[in-house]
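Inside the fold
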Protein chains: 2
Amino acid sequence: MSTLISEIGEFALIDRMQAVLGAPSDADLLAGIADDAAVYRIGGGKVHVVTTDALIEAVHFDRTFMPMQHLGVKALSVNVSDIAAMNAVPRYATIALGLPNNVSVEQVEALYQGFQQAAAQYGCTIIGGDTTAARFLTISVTVIGEAREEQVVYRSGARPGDALCVTGDVGAAYAGLQVLLDQRRQLQEQGEDYEPDITDVQYVIQRQLAPTAQVNVIRDWAERGVQPTALIDVSDGVASEIHHLCAQGGVGARVYTASLPIAFETRDVADHFREDVDTYALFGGEDYELLFTMPPAVLDKLDPTTFVAIGEITTPETGVQLQTPEGTLVNLGAGGYQHFNDEPSS
Amino acid sequence: MSTLISEIGEFALIDRMQAVLGAPSDADLLAGIADDAAVYRIGGGKVHVVTTDALIEAVHFDRTFMPMQHLGVKALSVNVSDIAAMNAVPRYATIALGLPNNVSVEQVEALYQGFQQAAAQYGCTIIGGDTTAARFLTISVTVIGEAREEQVVYRSGARPGDALCVTGDVGAAYAGLQVLLDQRRQLQEQGEDYEPDITDVQYVIQRQLAPTAQVNVIRDWAERGVQPTALIDVSDGVASEIHHLCAQGGVGARVYTASLPIAFETRDVADHFREDVDTYALFGGEDYELLFTMPPAVLDKLDPTTFVAIGEITTPETGVQLQTPEGTLVNLGAGGYQHFNDEPSS
């Protein structure tokens, strides 16, 4: 038997991996492969939360358009975002680097400046790593976070009547990707003469190249003594994450298109390419904002400038619906996203 | 400035990475990047020990000669070996996979069978992972181990008068590598007609393809209430590891060539290729045995079938010396090792 991964897709592949592993028997393990991160007790009422994610050249990024320092920021941020998505704060990170021989020592230093900049921002410490040769630049990061056991929020806790919220504007990272892909096309056509004007698109490029994990939100919630009922970070796209929350919580959701927080810079990019900005917002992905659900009464305890309510959790019968500004209800699919080079994501 | 990594070497590169990171400020962190694994307190007198290592196709292995299940065993074992090298036992592992599109679902399952086989053997649980597209098969593993704080053994504790010991035979993995490289050459010359006879070389091939981390030794020491003064695993080669222990402990060492434990299968391979088997044993690497130092009086508490004394720790003046069977003393260099494809290791 030889089955292509593309025939069955990523989620079926993960199911088959889990079938090989069987049920874990560790008594301290509270969550394994199914959530954003694994959770295990360390004693004293505390848990550690662990996640790992790799960024690979020619799949996740194009070195031509990715300054090494930004790459360092992004590699750490996408992992820290998974820790935040469990309502935990990051403590430690390890980094395994695969370095092709056309990466210079100075470039590795710039990459590490990015790691260190992000680690300092998030209050976490880089404690170890591995460096080896590789044909393509490969960055595998593991982050270990910490929380009290009762503080951990899973994907499964959303209840009908909860508000569905997001911590910041969405679609910007995808707009940034479109700008960078366009610049690459123009560079290929016009050659060295091409000088991109990036003044109007700096915000969206920044959101694509050096995203910020929402650790400050997690610390703010802890200080206020509130926590969401369900939580996930926006890596694959808002629609896809809503589907995860609904599937794992056994609920439905209604999303209001008019409520989606979209930056004017993102609208400008969509207009420029004559594309629909709501599509950017719903399916774009890589925003690394937090999508969360919370009863409206608890929501009142939050600083209203730190989130936007984009919908509500419903009973499961109606599935995930989108309400347009005209009041029409349509089914919202999970959609998808594409990697930088249009490689099949497996 | 653009400096090639090969100009300054791996250790200088790590120094420059550490310079960018600066001194860690986390109060619970006991050891960072310099040892086999990082160590941090989790409360209750316990520490966690974390290590990460990547295996990359065309650098660390050739898929033609590496059954996927063995590759899974090896990827986990090399990381667990770093945990054992701190006198800790493994608890949890995460795995980030980069999969080229010519790897089938069944091959991924075989890889996971290897992960699971090794995890069960070592008593650790695979708790999470990441799967993404890649041009070359890439396996990044992170293992989290556990120990009591006073139980952790660092590279730096060797003292003059300590015995220098190894937990099993050395040079076999390198002999296995020579056999596999020879088979590849013959396959390239003779094509499909070539049928390698592997009956006499199964042991050394197994040591190369599916090594075992010495977790049983760590559990045995804990039961006996003994611990070494210094400890490291044999990944780069016995000579190189001795140099690490001596540099970090501020001591010297004398090694007796005649005492090196070498399997007869390893001798046969060296004879076949008309090479010096002591070179295999001292510089071969990838044996994943433990090299440790212990006062002779403590050594008496161990089961004598579980280790071989190969030398003694001396004062630093004489450096690292090798005593030949004839009684001649020569300086022992750190030597080196090569990856499967003779890629420059960075």
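Residues numbered from 1 in each chain as written. Chains lettered and ligands numbered in written order. Predicted model: local features only at pLDDT ≥ 70, side-chain atom pairs only at ≥ 80, totals over all residues.

Considering the overall build of chain A
Per the secondary structure count, chain A includes 10 helices and 13 strands. Since a compact globule built from 346 residues should have a radius of gyration of about 20 Å, the 20 Å found for chain A is in line with a globular shape. Within chain A, buried positions represent 52% of all 346 residues. Sequence separation of 24 or more characterises 85% of the internal contacts of chain A that already satisfy a separation of 6 or more. (Helix = DSSP H or I, 4+ residues; strand = E, 2+ residues; numbered from the N terminus. Rg over C-alpha atoms; globule rule 2.2 N^0.38 Å. Buried ≥ 20, exposed ≤ 12 C-beta atoms within 10 Å, placed from the backbone. Contact = placed C-beta atoms within 7 Å.)

Quick word on the relation of the copies chain B and chain A
The transformation that overlays chain B on chain A combines an axial shift of 0.0 Å with a rotation of 180 degrees, and the residual RMSD is 0.0 Å. Look at the turn and shift together and you get a two-fold axis relating the two. The fraction of interface residues of chain B whose copies in chain A are also interface residues reaches 100%, indicating that both copies meet through the same surface. (Least-squares fit on C-alpha atoms with pLDDT ≥ 70 in both.)

Focus on helix α6 (residues 215-224) of chain B
Residue and element names in this part refer to chain B. Within the span of α6, buried status applies to V215, V217, I218 and W221. For α6, the angular spread of buried residues about the axis comes to 160 degrees, placing them on one side. Facing away from the buried side of α6 by over 90 degrees, the exposed positions are E223 and R224. Here the buried face of α6 lies against α2 (68-84), β4 (89-99), α3 (105-122) and β10 (290-294). Residue G225 follows α6 closely and has a positive phi angle near 70 degrees. (Arc of directions from axis to C-beta.)

A word on the interface of chain B and chain A
Counting residues at the interface gives 66 residues for chain B and 67 residues for chain A. Across the side of chain B that touches chain A, the residue classes break down as 33 nonpolar, 24 polar and nine charged. (Nonpolar A, V, L, I, M, F, W, Y, C, P; charged D, E, K, R; others polar.)

Considerations on the domain arrangement of chain A
All names here are of chain A. What the domain assignment lists for chain A is domain 1 (5-151) and domain 2 (163-331). A C-alpha centroid distance of 22 Å is found between domain 1 and domain 2. With 18 residues of domain 1 in contact, the opposing surface of domain 2 contributes 18 residues. No other element matches helix α2 (residues 68-84), which puts nine residues into the side of domain 1 that touches domain 2. (Domains from an automatic or database assignment.)

A closer look at the pairing of strand β3 (residues 46-56) of chain B
Residues and elements named next belong to chain B. Most of β3 is tucked away, with 10 of its 11 residues classed as buried. Strand direction decides the pairing type here: strand β2 (residues 38-43) and β3, joined by five bridges, are antiparallel. The partner of G43 across the bridge, within β3, is K46. Here β2 folds back onto β3, and the loop between the two strands holds two residues, one of which, G44, carries a positive phi near 65 degrees. Note that β3 and strand β6 (residues 138-148) share 11 bridges and pair antiparallel. Across the sheet, I56 pairs through a bridge with T138, a residue of β6. (Pairing = 2+ DSSP bridges.)

Description of the sheet that holds strand β3 (residues 46-56) of chain A
Sheet strands pair by backbone hydrogen bonding; their relative direction is either parallel or antiparallel. Residues and elements named next belong to chain A. The mixed open sheet is built from six strands, whose spatial order is β1-β2-β3-β6-β4-β5. Looking at which strands have only one partner, the edges of the open sheet turn out to be β1 (29-31) and β5 (125-133). In this sheet, adjacent strand axes meet at a mean angle of 20 degrees when their direction is disregarded. Each of β3, β4 (89-99) and β6 (138-148) is contacted by α2, which is oriented at about 145 degrees to β3, the strand it contacts most. (Axes fitted to C-alpha atoms, helices over the stretch in contact; angles between N-to-C directions.)

So, the nonpolar core
Grouped together as the largest cluster of nonpolar side chains are 226 residues, with contacts concentrated most on V49, M86 and A93 of chain A together with V49, M86 and A93 of chain B. Excluding anything up to four places from it in sequence, A93 of chain A contacts L76, A119, C124, I126, I127, V141, T142 and V143 of chain A. (Core = buried A, V, L, I, M, F, W, Y, C linked by C-beta atoms within 7 Å.)

Regarding the sheet that holds strand β7 (residues 163-166) of chain B
Residues and elements named next belong to chain B. The mixed open sheet is built from seven strands, whose spatial order is β8-β10-β7-β11-β9-β12-β13. One side of each edge strand has no neighbouring strand; the edge strands of this open sheet are β8 (230-233) and β13 (329-331). The sheet shows a mean angle of 25 degrees between the axes of neighbouring strands, direction not considered. By the bridge criterion, four bridges tie β7 to strand β11 (residues 308-314) in an arrangement that is antiparallel. Residue pairing across strands places V166 opposite V308, the latter belonging to β11.

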